[in-house]
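Per-entry structural report
One letter stands for each residue in the lines below.
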Amino acid sequence: MNAVMDAAQAFGVSSTRYLQTNYQDAQGLFLWVSWAADLRNTFFIFFPLWFHLRSSVGIKLIWVAVIGDWLNLVFKWILFGERPYWWVHETAHYADADRPHIEQYPMTCETGPGSPSGHAMGAASIYYTLVTSILAIMTSKKKDGGKRPTNKHWYLKAVLWTLFSAVQVCVCLSRVFIAAHFPHQVVAGVITGIIVAEAFNRTQWIYNAGMKKYFYTTLFLTSFAVGFYLLLRSVGVDLLWTLDKAQKWCVRPEWVNLDSTPFASLLRNMGTLFGLGLGLHSPLYAEAKGSRDVSSKVGCVVGSLVLLHLFDSFKPPTHTAALFYLLSFCKSATVPLVAVSIVPYFVNGALSLQSKKGAWPRDYAD
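Read on for an overview of the structure. (Residues numbered from 1 in each chain as written. Predicted model: local features only at pLDDT ≥ 70, side-chain atom pairs only at ≥ 80, totals over all residues. Heavy atoms only, no water.)

1. What to know about the packing of helix α3 (residues 40-53) against helix α13 (residues 294-312)
Here is the rule we go by: Here an angle of 0 to 180 degrees is reported between the N-to-C directions of two axes, which are lines fitted to C-alpha atoms, with helices fitted over the stretch in contact. Helical segments are the DSSP runs of H or I of at least four residues, strand segments are the runs of E of at least two, and each set is numbered from the N terminus. Roughly parallel refers to an angle under 35 degrees, roughly antiparallel to one over 145, roughly perpendicular to one between 65 and 115, and oblique to any angle outside these ranges. Crossing handedness is defined as follows: a turn of the near helix away from the far one that is anticlockwise and smaller than a right angle gives a left-handed crossing, while the clockwise case is right-handed. For this analysis, residues touch if any pair of their heavy atoms sits within 4.5 Å. Only Asp, Glu, Lys and Arg are considered charged in this grouping, and only Ala, Val, Leu, Ile, Met, Phe, Trp, Tyr, Cys and Pro are considered nonpolar; every other residue, Gly among them, is considered polar.
In the contact formed by α3 and α13, the axes pass within 8 Å of each other and the chain directions differ by 165 degrees. By the criterion of interaxial angle, the relationship of α3 to α13 is roughly antiparallel. Where α3 crosses over α13, the handedness of that crossing is right-handed. Residues Arg40, Phe43, Phe44, Ile45, Pro48, Leu49, His52 and Leu53 of α3 lie in contact with α13, whose contacting residues are Lys297, Cys300, Val301, Ser304, Leu305, Leu308 and Asp312. For the contact of α3 with α13, the class distribution of residues is 10 nonpolar, 2 polar and 3 charged.

What follows is the structure, encoded as structure tokens:
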């Protein structure tokens, strides 16, 4: 089994060297794709956009992202996947004279295990959700109008799935190019991401889940992950073994950061899910959701994107791990809370005030 894994990982290192040697001019594109595939963009861009256009899609995006990334964390802890940028230095597969050299980049030095790829899994699950949601919306409109699918519908379907495939190929190539993953890890990420997204396409209870459901789900997922970590640690298995490797083999220490550790990912996702529950069951949301005209939706989308962009500039201090994790949870919980309840409340209040001011001159004239 070790020989098979060594062969697969050696092929991965060769793939990384090939991409870095022959496509060095595309370095900027590969780095941008890795940045764009981060789940952070789902929380700060896709979610506020889609929630105000069609709330059910926004809610599903959060659940798919959070549960998918939680499963990714558990899989990584079970599979103990290596990463190319440290494996190439430690493996006995190469003689020292033949050990290949691969470049590192600011996004190379991830601190968690490598299999399956979180970026590939996240991109596959999110974009699969978006494509199937758009197609479901178009199909429902056709059915409501009593029309059968036309050639335009099939063209749209072909275009969307082609774009989906192109995105997955780009994400996989970018993760291999920067030496963060082996090819088999990104393929595994794409497959598991699609499975997670398809499972939520068949799940309906998330759209009317109560606050208790959000609270107990957050508590269960957090407790399970922490309990699993403590259980394995009690029998001598250190699930943070990769942090030492990252610090040892990353060429620049500042590229290793707490934001990529497994517990940072866990608390970030749990905060987001809990914040969504708070937002959906907030009195502000109950008051604001009655007014959903076009101007309100546009105002909510723009207001959410601008406010969250400013909010994202706040970076929790990293000098104390416990404080960093706590503030990461709170920051993540605030993101959906702001987009779901606070921004719509103030936008609708401003529009209502404007409409009243516009009515005053007419009332006075009458």
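2. What about the packing of helix α7 (residues 151-177) against helix α8 (residues 183-201)?
With their axes 9 Å apart at the nearest point, α7 and α8 run at an angle of 145 degrees to one another. As α7 packs across α8, the resulting crossing turns out to be right-handed. For the pair formed by α7 and α8, the contact residues are Phe164, Gln168, Cys172, Arg175 and Val176 on the first element and Pro183, Val186, Val190 and Ile194 on the second. The residue makeup of the contact of α7 with α8, split by class, is 7 nonpolar, 1 polar and 1 charged.

3. Topic: the side chain of Glu110
The condition that has to hold: Between buried and exposed lies partly exposed: a residue is buried under 20% and exposed over 50% of the maximum accessible area for its type, with that area taken using a 1.4 Å probe on protein chains only. Think of a polar contact as two N or O atoms within 3.5 Å of one another; within protein, one of them needs to be a possible hydrogen donor and the other a possible acceptor, and neighboring residues in sequence only count if both atoms come from side chains.
Counting through the fold element by element, Glu110 comes out in the loop between α5 (84-90) and α6 (118-144). Taking the relative accessible area as the measure of exposure, Glu110 reaches 17% and is therefore buried. A polar contact is formed between the side chain of Glu110 and the side chain of Arg175, at a distance of 3.1 Å. In contact with Glu110, other than residues within four places in its own chain, are Arg83, Tyr85, Trp86, His119, Arg175, Ala246 and Ser260.

4. Regarding a nonpolar patch on the surface
Definition in use: In this scheme, patches are assembled from residues that exceed 30% relative accessible area and form no salt bridge. Like charges are connected within 9 Å, while nonpolar side chains (Val, Leu, Ile, Met, Phe, Trp, Tyr) are connected within 5 Å. Throughout, the Shrake-Rupley method with a 1.4 Å probe supplies accessible areas, and for residues the shown protein chains are the sole cover considered. Throughout this description, the term salt bridge denotes a Lys or Arg side-chain nitrogen within 4 Å of a carboxyl oxygen of Asp or Glu.
Together, Val294, Val298, Val302, Val306, Leu307 and Leu310 make up a nonpolar patch on the protein surface, roughly 550 Å² of accessible area in all. Following the sequence through the fold, Leu307 ends up in helix α13. Judged by its relative accessible area of 40%, Leu307 falls in the partly exposed class.

5. Brief notes about the packing of aromatic side chains
Counted only if it meets this: Think of it this way: a Phe, Tyr or Trp ring, Trp meaning its six-membered ring, pairs with another when their centres are within 6.5 Å, and the plane angle makes it stacked under 30 degrees, edge-to-face over 60, tilted otherwise.
Following the criterion strictly, the structure yields 31 aromatic pairs and no others. With a centroid separation of 5.5 Å and an interplanar angle of 55 degrees, the aromatic rings of Trp70 and Phe224 are classed as tilted. Of this pair, Trp70 sits in helix α4 (residues 55-79) while Phe224 sits in helix α9 (residues 211-234), placing them 154 residues apart in sequence. For Phe224, a relative accessible area of 38% translates into the label partly exposed. A centroid spacing of 6.0 Å and a plane angle of 35 degrees characterise the contact between Trp77 and Tyr229, whose relative ring orientation is tilted. Of the two residues, Trp77 sits in helix α4 while Tyr229 sits in helix α9, which places them 152 residues apart along the sequence. Here the two residues Trp77 and Tyr229 agree in accessibility, since each one is buried. Each residue in the set Trp70, Trp77, Phe220, Phe224, Phe228, Tyr229, Phe263, Phe324 and Tyr325 is aromatic and connected to the rest through ring pairs, giving one cluster.

6. What about the pattern of salt bridges?
The full count for this structure, using the stated rule, is 8 salt bridges. In this structure, Arg40 and Asp312 form a salt bridge, with 2.4 Å as the shortest nitrogen-oxygen distance. Note that Arg40 is positioned in helix α3 and Asp312 in helix α13, a separation of 272 residues in sequence. For Asp312, a relative accessible area of 8% puts it in the buried group. Arg99 is the partner of Asp96 in a salt bridge, and the nearest nitrogen-oxygen pair spans 3.1 Å. Among the residues examined, Asp96 registers a relative accessible area of 65% and is labelled exposed. Residues participating in the shared-partner salt-bridge network are Arg40, Asp312, Lys315 and Lys331.

7. Regarding the state of the cysteines
So the rule is basically this: Disulfide: a pair of cysteine sulfur atoms within 2.5 Å of each other.
Per the stated rule, a full pass over the model turns up 1 disulfide. Here Cys109 is linked by a disulfide to Cys250, with a sulfur-sulfur distance of 2.0 Å. Its S-S torsion of about 85 degrees marks the bond between Cys109 and Cys250 as right-handed, since a negative value means left-handed. Highlighted residues: Cys109 in the loop between α5 and α6 and Cys250 in the loop between α10 (241-249) and α11 (262-280), separated in sequence by 141 residues. Of the two residues examined, Cys109 and Cys250, each falls in the buried class.

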